[in-house]
Amino acid sequence: MKYSYWALCFFLAGLTACQPGTSGPDGETTLERIKRTGVVRVGYANEAPYAYMDSASNRLTGEAPEIIRYVMKTLGVTEVKGVLTEFGALIPGLKANRFDVIAAGMYVTPERCTQIAFSNPTYTIGEAFVVAEGNPMDLHSFEGVASHDSARLGVMAGAVEHGYAKKLNVPLDRIVVFPDNISGLDGVRAGRIDAFAATDLTIQDLMGKTTDGAIEQAAPFTDPVIDGVSVKGYGAFGFRPEDQSLVTGVNEILTEFIGSDAHSKLVSPFGFTAANLPGTVTAAELCGR
């Protein structure tokens with residue numbers, strides 16, 4: 001039986017293995033397609049202030065969507081379509097071609113780098129906890145949870161906080177995984193967990209929307225120390241590994257944009273300041289850590 005070239009490629013290893021950087025048998029790259037159509041699809045997880053749907057304006061907004069709009073406009077792409085996805089399903093969704101870019105403030109980690117490609121980071125940030133009013137277990141760090149006899153820590157599915165907790169020896173039976181941040185806060189309120197971990201800006205945003213007084217942000221807070229290094233997260237855009245031309249195009253624009261006055265004006269409404277600038281850290285460095 002005879003097979004066409006593309007059928008044989010699909011059978012053996014998939015289309016992208018036959019022609020790296022292409023999005024179909026016609027050889028058109030993702031970058032070429034989004035430029036031709038003027039539309040890019042971005043996956044997001046509805047996590048303020050990184051990427052969320054603003055109910056008042058019905059607009060996808062946040063640090064990542066606003067930056068990707070700027071980048072895409074520079075590339076000649078005029079429409080950014082959001083695809084809402086649970087955070088833990090963002091990488092599978094990207095690999096399954098449900099969208100073209102992850103624009104959700106996702107941290108660059110070596111583990112994730114084995115699955116997808118990342119742009120250079122657009123921000124850096126530390127961690128925080130939400131606890132019950134008065135912080136009854138006196139929890140101010142991941143290490144504090146690990147050393148406590150019974151403290152239970154909540155994390156969002158697919159988020160780096162789960163990995164931090166495991167590396168710092170929080171017992172697995174005391175780590176509770178929630179589908180999203182709101183569920184995690186409800187877990188603290190209901191007493192299912194004693195602390196919920198997320199990025200500092202996420203916790204600040206959540207607490208700014210909370211008025212019941214039953215929960216609070218743990219203060220002070222100490223960022224996790226892993227392998228002797230105080231951990232800071234670096235967020236970036238995620239891409240399919242074969243879309244290197246798109247990654248390169250995005251990075252070229254980010255190099256000029258991140259740290260500029262225009263960048264500051266764009267992200268300051270979401271709580272980002274000069275302290276969140278990533279400096280000269282690159283995705284390659286973060287993937288190699």
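Structure: above.
Residues numbered from 1 in each chain as written. Predicted model: local features only at pLDDT ≥ 70, side-chain atom pairs only at ≥ 80, totals over all residues. Heavy atoms only, no water.

### Thoughts on the sheet that holds strand β9 (residues 153-156)
Part 1 of the reasoning: In space, the five strands of this open sheet follow the order β10-β9-β11-β8-β12, with mixed pairing throughout. Looking at strand neighbours, the two that pair on one side only are β10 (175-178) and β12 (215-217), the edges of this open sheet. Neighbour-to-neighbour, the strand axes of this sheet turn through a mean angle of 30°, independent of strand direction.
Part 2 of the reasoning: Sheet analysis places strand β8 (residues 127-132) next to β12, joined by three bridges and oriented antiparallel. In the sheet register, V131 faces β12, and the bridge partner there is E216.
Part 3 of the reasoning: Against the sheet, helix α9 (residues 181-190) makes contact with β8, β9, β10, β11 (195-199) and β12, and its axis sits at roughly 155° relative to β11, the strand it touches most.
Part 4 of the reasoning: Along the sheet, helix α10 (residues 200-208) makes contact with β8, β11 and β12, crossing β11 at roughly 115°. (Pairing = 2+ DSSP bridges. Helix = DSSP H or I, 4+ residues; strand = E, 2+ residues; numbered from the N terminus. Axes fitted to C-alpha atoms, helices over the stretch in contact; angles between N-to-C directions. Contact = heavy atoms within 4.5 Å.)

### Quick look at helix α4 (residues 63-75)
Part 1 of the reasoning: Its 13 residues place the ends of α4 19 Å apart at the C-alpha level, agreeing with the 18 Å of an ideal helix rising 1.5 Å per residue.
Part 2 of the reasoning: Burial in α4 covers these residues: E63, A64, P65, E66, I67, I68, V71, M72 and L75.
Part 3 of the reasoning: Downstream of α4 by one or two residues, G76 has phi in the positive range, about 95°. (Expected span 1.5 Å × (residues − 1). Buried < 20%, exposed > 50% of the residue type's maximum accessible area, 1.4 Å probe, protein only.)

### Side note on the environment of R98
Part 1 of the reasoning: Among the secondary structure elements, R98 is positioned in the loop between α5 (90-95) and β5 (101-107).
Part 2 of the reasoning: Discounting chain neighbours no more than four positions away, the residues touching R98 are R41, V83, L84, T85 and G93.

### Quick look at the packing of aromatic side chains
Part 1 of the reasoning: Inspection of the entire model under this criterion finds eleven aromatic pairs.
Part 2 of the reasoning: An angle of 80° between the planes, with centres 6.2 Å apart, marks the rings of F178 and F196 as edge-to-face. Of this pair, F178 sits in strand β10 while F196 sits in strand β11, placing them 18 residues apart in sequence. The pair F178 / F196 is uniform in exposure class, with both members buried.
Part 3 of the reasoning: Put simply, the rings of Y50, Y107, Y123 and F272 pair up and form one aromatic cluster.
Part 4 of the reasoning: For the cation-ring pair, K209 lies above Y52, with the distance from its terminal atom to the ring centre recorded as 5.7 Å. (Phe/Tyr/Trp six-rings, centres within 6.5 Å; stacked < 30°, edge-to-face > 60°. Lys NZ or Arg CZ within 6 Å of the ring centre and 35° of its normal.)

### A word on helix α8 (residues 160-167)
Part 1 of the reasoning: When we look at burial in α8, the residues that qualify are V160, E161, Y164 and A165. In a view along the axis of α8, the buried residues occupy a sector of 145°, so they form one face of it.
Part 2 of the reasoning: Phi turns positive, to about 70°, at N169, one or two residues after α8. (Arc of directions from axis to C-beta.)

### Overview of the layout of surface pockets
Part 1 of the reasoning: The computed volume of the largest pocket comes to approximately 700 Å³.
Part 2 of the reasoning: For the largest pocket, the lining is made up of 25 residues, of which T109, P110, E111, Y164 and K167 are closest to its centre.
Part 3 of the reasoning: When residues of the lining of the largest pocket are traced back to their parent elements, those giving at least two are α6 (110-113), α8, β14 (229-230) and β15 (233-239).
Part 4 of the reasoning: With six residues, the top contributor of residues to the lining of the largest pocket is α8.
Part 5 of the reasoning: In the lining of the largest pocket, the residues fall into eleven nonpolar, seven polar and seven charged.
Part 6 of the reasoning: When its volume is computed, the second largest pocket comes out at roughly 350 Å³.
Part 7 of the reasoning: Every residue lining the second largest pocket is counted, 20 residues in all, and those nearest its centre are N46, E47, A48, Y52 and I182. (1 Å grid on protein atoms, 1.4 Å probe; cavity = no way out; pocket = protein on both sides within 12 Å on 5 of 7 lines; lining within 4 Å. Points joined across faces, edges and corners; volume = space filled by probe spheres on them. Nonpolar A, V, L, I, M, F, W, Y, C, P; charged D, E, K, R; others polar.)

### Some words on the nonpolar core
Part 1 of the reasoning: Judged by nonpolar contacts, the single largest core of 56 residues is most densely connected at M72, F129, L153 and F237.
Part 2 of the reasoning: Leaving out residues up to four positions away in the same chain, M72 has contacts with I34, V40, V77, L246 and V250. (Core = buried A, V, L, I, M, F, W, Y, C linked by side-chain atoms within 4.5 Å.)

Limitation: the analysis is restricted to geometry and does not speak to function.
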